[in-house]
Amino acid sequence: MKHHLDFEKPIIELQNKLAELKKHPEAHSLDISFAEEVALIEKKLEETKRQIFLNLSAWDRIKIARHPKRPFTLDYIRHAFSDFSELHGDRLFAEDRAVVGGFACLGPHKVMVIGTQKGRDTKENILRNFGSAHPEGYRKALRLMKLANKFGLPIISLIDTAGAYPGIGAEERHIAEAIAVNLREMMLLEVPIIAAVIGEGGSGGALGIGVANRVLILENAYYSVISPEGCAAILWKDRAAAAKAAQALKITARDLLALGLVDEVVPEPLGGAHTDPETCAETLKAALLKHLEEILAWSPAERLKQRYEKFRRFGHYLEKRPTTGEAVEAQSPKT
Amino acid sequence: MSTTSFTKKTLGLETTEPALTPPPAAPPVSSFNKKPKLAAKPKKREIPEGLWTKCPKCGTMVFDKELDENLKVCLQCEHHFPISARERIHSLVETCTFEEMDADMTSVDVLQFTGVASYTSKLQDYQRATGLKDAVITGICRMGPHRVALGVMDFSFLGGSMGSVVGEKLTRLIERATEKTLPLIIISTSGGARMYEGMFSLMQMAKTCAALAYHAQARLPYISVLTHPTTAGVMASYASVGDLIIAEPGAMIGFAGPRVIKDTTQAELPPGFQTAEFLLDHGLIDAIISRNQMKAQLIKYLDYLTGGQKAAAGL
């Protein structure tokens, strides 16, 4: 019984009770039958689950997004894609295993899939640097995306990173430039690009592979300009205020959809993606296919135009209309 | 250009509000902000406040008027003090040629950010204290013989953080430059993306880089100038994709803040880490140019970068 989150406690208690009852049938109440009592507890369990998972706070969802058993990029590649052949290296400095990429099939379509990859255990996490990429990871991703563009393969980008790695080597090899170049170059790729935030969407490190025609997000994933802990440390001078920061930053999938910052929220099984990775992968696959097929029908010029306009209109500001001098709130117009 | 005189600003705000990463703990900035206190030590009470400034690098007491005349560069040790966007524009453009764009654009509290203090009140405080509407001033100007699209950031407004206004004003500037086939210069100083606008701030990184992609595709020059400090979201977007990237001496430049790196890696940071000189040594920037040489050098670069096009366009 490991890896349970604090808000799951009532569920665990009921599950334990049920298990106990099944193990020792003689322990059940005398006035109702065994089957009835099991059914009663099962019903209560279902209700409790629904109650809890439909009313999660932003902070609760972040805990699910960071769950150690949550499916990672390679899990989705295994379940939602087929025939994956991994390609390695940035051809410049190193192979960054915090970013994976390669050819794969999504349904009937040959695609290039890339994504940030966390480790399942300590050993793998050291290899994957906990999913935080160095400059080489972003440069490898761009190399593969340019390759895909050259040979007409659509790009699927799976995002799950706490952020780009804040390290000495990363700075020495210019991680800021690696991300910035990706932002610029992804804007000019003529193939369809679909990004999906499957866990953590950590700031520039996520956006560095996130410039796309469509941006999807799993129900319990988050996408934020700064980690809630980082925001709390700066604004509240207290990392423990992370739950408050998570709320204020509006970083859950539903919040982002309401703000128009993502295109679709992909539902997860009740209890989170880790409770049923296969089903979650199937749902994600269907969503990716739907968007991919739509964008495949567009001309390269249309894909570029739509991608530009999509990002061009993000922002809210006030400006005075020259004619009236009256302040108006505006979202930058679609150009 | 509305302000032509160099004025010494004593901001009422002691702490700059950082953005994506905690503020760089480099001494020059904090010392600058605490300048009025230093000048008003009990011992020197007879000296009127705001006449002298102690250089945080060499300790020399510099006469403010001389410091202003020298573009806020210490006459003894060449330490570069922070300079406001208006002063910088004045130091770079030909007199009366700066046509400001989107001067009235202001930020809105789109998330209704409920922090320790409301975003709206923060904005009002900083607008009052700095006389700026937001952290960037953009416009079209002339520098020497060149018509240039110029964007200049100001660190004194919420740590130069990039929210929707910074992103939108710069994107409009870049789009205007592309449309009018103008070279572009952006002078950056920023703690990163502005937290108060959440993901809208992050998206400004993609938005500005998108506009730059098309400016670059039109083979128009873009010079990015990095000044103290330029970090995080701004560094990981438009500031890092110039055809030329130059920096002022001693400027702190990087992606993650040094404290974050130290906490994450548990390693000692190399000497001079994340300074302009460190970046130059690692091959990450084209040149380090002193503020006093900046205008002449930028014009020289533009001479080269626009030489072919000018001939072709017959300008």
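Residues numbered from 1 in each chain as written. Chains lettered and ligands numbered in written order. Predicted model: local features only at pLDDT ≥ 70, side-chain atom pairs only at ≥ 80, totals over all residues. Heavy atoms only, no water.

Caption draft 1: The arrangement of the domain arrangement of chain B in detail. Residues and elements named next belong to chain B. We note that the domain assignment places domain 1 (50-81) and domain 2 (84-313) within chain B. When each unit is reduced to the centre of its C-alpha atoms, the spacing between domain 1 and domain 2 is 24 Å. Each partner contributes residues to the interface: domain 1 has eight residues there, and domain 2 has seven residues. When the two sides are added together, the surface that domain 1 and domain 2 hide from each other amounts to roughly 670 Å², 43% of it contributed by carbon and sulfur. Considering only the side of domain 1, the residues that lose the most area to domain 2 are Leu71, Lys72 and His80, jointly responsible for 71% of the buried surface there. Joining domain 1 to domain 2, the criterion identifies one salt bridge. Glu87 is paired through a salt bridge with Lys72; the nearest N and O atoms lie 2.6 Å apart. For the interface between domain 1 and domain 2, the tally reads five residue pairs in polar contact (both at pLDDT 80 or more). (Domains from an automatic or database assignment. Contact = heavy atoms within 4.5 Å. Buried area = accessible area lost by both parts, 1.4 Å probe. Salt bridge = Lys/Arg side-chain N within 4 Å of Asp/Glu carboxyl O. Polar contact = N/O pair within 3.5 Å; in protein donor to acceptor, adjacent residues only side chain to side chain.)

Caption draft 2: Geometry of the interface of chain A and chain B. With 50 residues of chain A at the interface, the matching set in chain B holds 66 residues. With both chains or domains summed, chain A and chain B bury close to 5,100 Å², and 72% of this area falls on carbon and sulfur atoms. Considering only the side of chain A, the residues that lose the most area to chain B are Glu171, Val225 and Leu235 of chain A, jointly responsible for 12% of the buried surface there. Note that Glu168 of chain B and Arg312 of chain A form a salt bridge whose closest N and O atoms lie 2.9 Å from each other. On the surface where chain A and chain B come into contact, there are 17 residue pairs in polar contact (both at pLDDT 80 or more). Looking at the side of chain A that touches chain B element by element, the count peaks at eight residues for helix α8 (residues 175-186) of chain A. (Helix = DSSP H or I, 4+ residues; strand = E, 2+ residues; numbered from the N terminus.)

Caption draft 3: Geometry of the side chain of Arg307 of chain A. Residues and elements named next belong to chain A. In this structure, Arg307 sits in helix α14 (residues 300-312). Look at Arg307: it is buried, it has no salt bridge, and the nearest opposite charge is Glu190 at 9.1 Å. There is a polar contact of 2.7 Å between the side chain of Arg307 and the backbone oxygen of Leu189. Not counting residues up to four positions away in its chain, the partners in contact with Arg307 are Met186, Met187, Leu188, Leu189, Val191, Ile193, Val211, Ala212 and Asn213. (Buried < 20%, exposed > 50% of the residue type's maximum accessible area, 1.4 Å probe, protein only. Lys, Arg positive; Asp, Glu negative; His and termini not counted.)

Caption draft 4: Region of interest: unusual backbone geometry. Residue and element names in this part refer to chain B. Cis geometry is found at the peptide bond from His228 to Pro229, where omega equals -20 degrees. Mapping Pro229 onto the fold places it in strand β8 (residues 222-231). Even without glycine at this site, Leu71 takes up a positive phi of about 55 degrees. Secondary-structure assignment places Leu71 in the loop between α3 (64-69) and α4 (85-92). Residue classification places Leu71 among the buried positions, given a relative accessible area of 12%.

Caption draft 5: How the structure looks around helix α5 (residues 119-130) of chain B. All names here are of chain B. For α5, which comprises 12 residues, the first-to-last C-alpha distance of 16 Å matches the rise-based estimate of 16 Å (1.5 Å per residue) to within 8%. The set of residues buried in α5 consists of Tyr119, Lys122, Leu123, Tyr126 and Thr130. What you see down the axis of α5 is that its buried residues fit within an arc of 100 degrees, all on one side. Looking at the buried side of α5, the elements it contacts are β4 (106-107). (Expected span 1.5 Å × (residues − 1). Arc of directions from axis to C-beta.)

Caption draft 6: Up close: the domain arrangement of chain A. Residue and element names in this part refer to chain A. Parsing chain A into structural domains produces domain 1 (6-55) and domain 2 (62-312). With centres defined by C-alpha atoms, the gap from domain 1 to domain 2 works out at 38 Å. Counting residues at the interface gives seven residues for domain 1, matched by four residues for domain 2. For the pair domain 1 and domain 2, the summed buried surface comes to about 520 Å²; carbon and sulfur atoms form 68% of the total. At the boundary of domain 1 with domain 2, the tally comes to one salt bridge. The salt bridge involving Lys63 is made with Asp6; its shortest N-O contact spans 2.8 Å. Linking domain 1 with domain 2 are one residue pair in polar contact (both at pLDDT 80 or more). Taken together, the residues that form the side of domain 1 that touches domain 2 break down as two nonpolar, no polar and five charged. (Nonpolar A, V, L, I, M, F, W, Y, C, P; charged D, E, K, R; others polar.)

Caption draft 7: Local environment of the packing of aromatic side chains. The final tally for this structure, using the stated rule, is nine aromatic pairs over all chains. On the numbers, 6.1 Å between centres and 80 degrees between planes, the contact of Phe7 of chain A with Phe53 of chain A is edge-to-face. Within this pair, whereas Phe7 of chain A is found in the segment before α1 (9-23), its partner Phe53 of chain A is found in helix α2 (residues 34-54), the two being separated by 46 residues in sequence. For Phe7 of chain A, a relative accessible area of 13% corresponds to the buried category. Looking at Phe53 of chain A, the relative accessible area reads 6%, which means it is buried. Ring centres of Trp236 of chain A and Phe113 of chain B lie 6.4 Å apart, and the angle between their planes is 40 degrees; this geometry places the pair in the tilted category. You can see Trp236 of chain A sitting in helix α10 (residues 228-236) and its partner Phe113 of chain B sitting in the loop between β4 and α5, one on each of two chains. Trp236 of chain A sits in the buried class, given a relative accessible area of 16%. Look at Phe113 of chain B and you get buried, because its relative accessible area is 2%. Here a set of aromatic residues connected by ring pairs shows up, and it is made of Trp236 of chain A together with Phe113, Tyr119 and Tyr196 of chain B. A cation sits over an aromatic face here: Arg120 of chain A above Phe72 of chain A, 3.9 Å from the ring centre. It is Lys310 of chain A that lies over the ring of Phe311 of chain A; its NZ or CZ is 5.9 Å from the centre. (Phe/Tyr/Trp six-rings, centres within 6.5 Å; stacked < 30°, edge-to-face > 60°. Lys NZ or Arg CZ within 6 Å of the ring centre and 35° of its normal.)

Caption draft 8: Inspection of a nonpolar patch on the surface at higher detail. Residues and elements named next belong to chain B. Taken together, Leu51, Trp52, Met61 and Phe63 make up a surface patch of nonpolar side chains, about 300 Å² in accessible area. Within the element layout of this structure, Met61 appears in strand β2 (residues 61-63). Take Met61: its relative accessible area is 30%, and that puts it in the partly exposed class. (Patch = residues over 30% accessible without salt bridge, like charges linked within 9 Å, V, L, I, M, F, W, Y side chains within 5 Å. Areas by Shrake-Rupley, 256 points an atom, 1.4 Å probe, with all protein chains shown as cover.)

Caption draft 9: Structural context of the pairing of strand β9 (residues 244-247) of chain B. Residues and elements named next belong to chain B. Residues Leu244 and Ile246 of β9 are buried on one face, and the alternating residues Ile245 and Ala247, pointing to the opposite face, are buried as well. In this structure, β9 lies alongside strand β11 (residues 287-288), joined through two bridges in parallel fashion. In the sheet register, Ile246 faces β11, and the bridge partner there is Ala287. (Pairing = 2+ DSSP bridges.)

Caption draft 10: Examining the pairing of strand β6 (residues 214-218) of chain A more closely. All names here are of chain A. Taking burial as the measure, the five residues of β6 include five buried ones, the bulk of the element. Judged from the four bridges that link them, strand β5 (residues 193-202) and β6 form a sheet pairing that is parallel. Note that in β6 the partner of Ala196 across the bridge is Leu216. Here β6 pairs with strand β8 (residues 264-266) via three bridges, running parallel. Across the sheet, the residue bridging to Leu216 is Glu264, located in β8.

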